Amino acid sequence: MPPGTEHDSGQDVRHGFRPGPGQDLDFEAFARASQRRLYRTAYLLCGNADGARDLTQTTLAKLFQHWRKASAAESPDAYARTVLTRTFLAERRRRLRDLLAHRHADRPPLPEHAELRVTLLAALAELPPRARAMVVLRYWEDLSVGTVAELLRCSEGTVKSQCSRALTRLRTQLGEAHIYATEN
């Protein structure tokens, strides 16, 4: 669905997909209602539009393959978010050897007058994939510590400590927030 167009299923995309009384949950309707939200989360995880589109499409393809199980889940939206996050982490793990082999010793400095959004995405990109996923899910998606722990198959203590370390690292990288803010 092109950005800015509304779907005619009558579902509120911001609050997730929920079939009405007597309405079967079919994949096509779910995909239409959920793809923009999944894309936004994928963009935050990937840091770029191409990667986000690929991750969203891969997630929807996996959901289609296992739609019977996904549609029977208590919350198909949570199921989709879990598939998205785990797909992101699995792809990062597969690419880790290549990334380490081709890693540059010196990173180019961030532009001094970058927009806050670009600067934040660059800082997020510096986090390890798992820590980045935790920060995005915990603070952008506003999920509870327990939910993030369940999604990533780890303990709540791990989520708390990893998020704390990641936020400390982001604060160190970003310095004072007012430096990056644009003046009106």
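As shown above, the structure is provided for reference.
Let me sum up the structure you'll find in this document. Residue positions within a chain follow its written sequence, with the count starting from 1. Only residues with pLDDT of at least 70 get local features here, since the model is predicted, and only at 80 or more are side-chain atom pairs given and counted; chain-wide, interface and lining totals rely on the full set of residues. Note: side-chain values were computed over all heavy atoms of the structure, leaving out hydrogens and water.

A few words now on the overall build of the chain. Segments assigned H or I by DSSP are reported as helices when at least four residues long, segments assigned E as strands when at least two residues long, and all are numbered from the N terminus. Looking only at helices and strands, one finds nine helices and zero strands in the chain. Secondary structure elements of the chain, listed N to C terminal, follow the sequence α-α-α-α-α-α-α-α-α. Three exposure classes are used, based on accessible area relative to the maximum for each residue type with a 1.4 Å probe and protein chains only: buried under 20%, partly exposed in between, and exposed over 50%. The buried share of the chain, reckoned over its 184 residues, is 37%. Here, two residues are considered to be in contact whenever any of their heavy atoms come within 4.5 Å of each other. Put simply, of all contacts in the chain between residues at least 6 apart along the chain, 62% involve residues at least 24 apart. Accessible surface, the chain as shown: approximately 12,000 Å² in total, 52% of it carbon and sulfur. For the accessible areas, the method is Shrake-Rupley and the probe is 1.4 Å, while residue cover comes only from the protein chains on display.

Looking now at the packing of aromatic side chains. For Phe, Tyr and Trp, rings pair up if their centres lie within 6.5 Å, where Trp contributes its six-membered ring, and each pair is then called stacked (planes under 30 degrees apart), edge-to-face (over 60) or tilted (otherwise). Counted according to the given criterion, the structure contains four aromatic pairs. Both rings, one in Phe27 and one in Phe64, keep their centres 5.2 Å apart while their planes meet at 65 degrees; by these two values the pair is edge-to-face. A residue pair is termed long-range when its members are at least 10 positions apart, and Phe27 in helix H1 (residues 27-46) and Phe64 in helix H2 (residues 49-65) qualify at 37 residues. Residues Tyr39 and Tyr43 carry aromatic rings whose centres are separated by 6.3 Å and whose planes lie at 40 degrees to one another, so their mutual orientation is tilted. Here the residue Tyr39 and the residue Tyr43 both occupy positions in helix H1, the gap between them amounting to four residues, near one helical turn. By relative accessible area, which is 21% here, Tyr43 ends up partly exposed. Each member of the aromatic cluster is reached from another via a ring pair, and the members are Phe27, Phe30, Phe64 and Trp67.

The next thing to look at is the environment of Lys69. For Lys69, the position within the fold is in helix H3 (residues 67-72). On the basis of relative accessibility, which here comes to 60%, the residue Lys69 falls in the exposed class. Linking Lys69 and Tyr79, residues 10 residues apart in sequence, is a C-alpha distance of 9.5 Å.

Now for the side chain of Thr41. Considering the arrangement of structural elements, one finds Thr41 in helix H1. The residues contacting Thr41, other than those within four sequence positions of it, are Leu84, Val136 and Glu141.

On to the nonpolar core, then. To qualify as a nonpolar core, a set must consist of buried Ala, Val, Leu, Ile, Met, Phe, Trp, Tyr and Cys residues joined through side-chain atoms within 4.5 Å. Ranked by size, the top nonpolar core spans 32 residues in total, and within it Leu45, Leu55, Met134, Val148, Val159 and Leu170 carry the most contacts. When contributions to this core are tallied by element, the ones reaching two or more residues are H1, H2, helix H4 (76-101), helix H5 (116-125), helix H6 (129-140), helix H7 (145-152) and helix H8 (156-174). The next biggest cluster of nonpolar side chains, apart from the first, holds 10 residues, and it includes Phe27, Leu38, Leu60 and Val83.

Here we take up the packing of H6 against H7. In helix packing, the relevant descriptors are the interaxial angle and the interaxial distance, both defined with respect to the helix axes. Each axis is a line fitted through C-alpha atoms, taken for helices only over the stretch in contact, and angles between the N-to-C directions span 0 to 180 degrees. At a minimum axis distance of 10 Å, the contact between H6 and H7 shows a crossing angle of 140 degrees. Remark: the crossing between H6 and H7 carries right-handed chirality. Here Arg130, Met134, Leu137 and Arg138 of H6 come into contact with H7, specifically with Val145, Val148, Leu151 and Leu152. It is the rotation of the near helix from the far one that decides the hand of a crossing: anticlockwise by less than a right angle makes it left-handed, clockwise makes it right-handed.

Before going further, it helps to examine the side chain of Thr87. By the element assignment, Thr87 lies in helix H4. With relative accessibility at 3%, the residue Thr87 sits in the buried group. When sequence neighbours within four positions are dropped, the list of residues in contact with Thr87 reads Leu55, Thr58 and Lys62.

It is worth spelling out the packing of H6 against H8 at this point. Packing of H6 against H8 leaves a shortest axis separation of 9 Å and a crossing angle of 95 degrees. Viewed along their axes, H6 and H8 adopt a mutual orientation that is roughly perpendicular. Counting all contacts with H6, which are made through Ala131, Met134, Val135, Arg138 and Tyr139, the residues of H8 involved are Thr158, Val159, Gln162, Cys163, Ala166, Leu167 and Leu170. Under the grouping applied here, Gly and all other residues not named as nonpolar or charged are polar, the nonpolar ones being Ala, Val, Leu, Ile, Met, Phe, Trp, Tyr, Cys and Pro and the charged ones Asp, Glu, Lys and Arg. Of the residues that constitute the contact of H6 with H8, the class distribution is nine nonpolar, two polar and one charged. For classification purposes, an angle smaller than 35 degrees is called roughly parallel, one larger than 145 roughly antiparallel, one from 65 to 115 roughly perpendicular, and anything else oblique.

Below, the discussion takes up H8. One fewer than the residue count of a helix, multiplied by 1.5 Å, yields its expected span. Relative to the 27 Å expected for 19 residues at 1.5 Å per residue, H8 spans 26 Å between its end C-alpha atoms, a close match to the ideal helical length. Two residues or fewer past H8, Gly175 is found with a positive phi of approximately 65 degrees.

This paragraph deals with a positive patch on the surface. Where like charges cluster on the molecular surface, the positive patch consists of Lys62, Arg93, Arg94, Arg95 and Arg130. Per-element accounting of the positive patch gives the leading share, three residues, to H4. For patches, a residue must show more than 30% relative accessible area and have no salt bridge; joins then use 9 Å for like charges and 5 Å for nonpolar side chains, namely Val, Leu, Ile, Met, Phe, Trp and Tyr. One speaks of a salt bridge when a side-chain nitrogen belonging to Lys or Arg is within 4 Å of a carboxyl oxygen belonging to Asp or Glu. Just so you know, the count uses Lys and Arg for positive and Asp and Glu for negative, and it drops His and the chain ends. To locate a charge, take atom NZ for lysine, CZ for arginine, CG for aspartate or CD for glutamate.

All quantities given are derived from atomic positions and should not be read as evidence of function.
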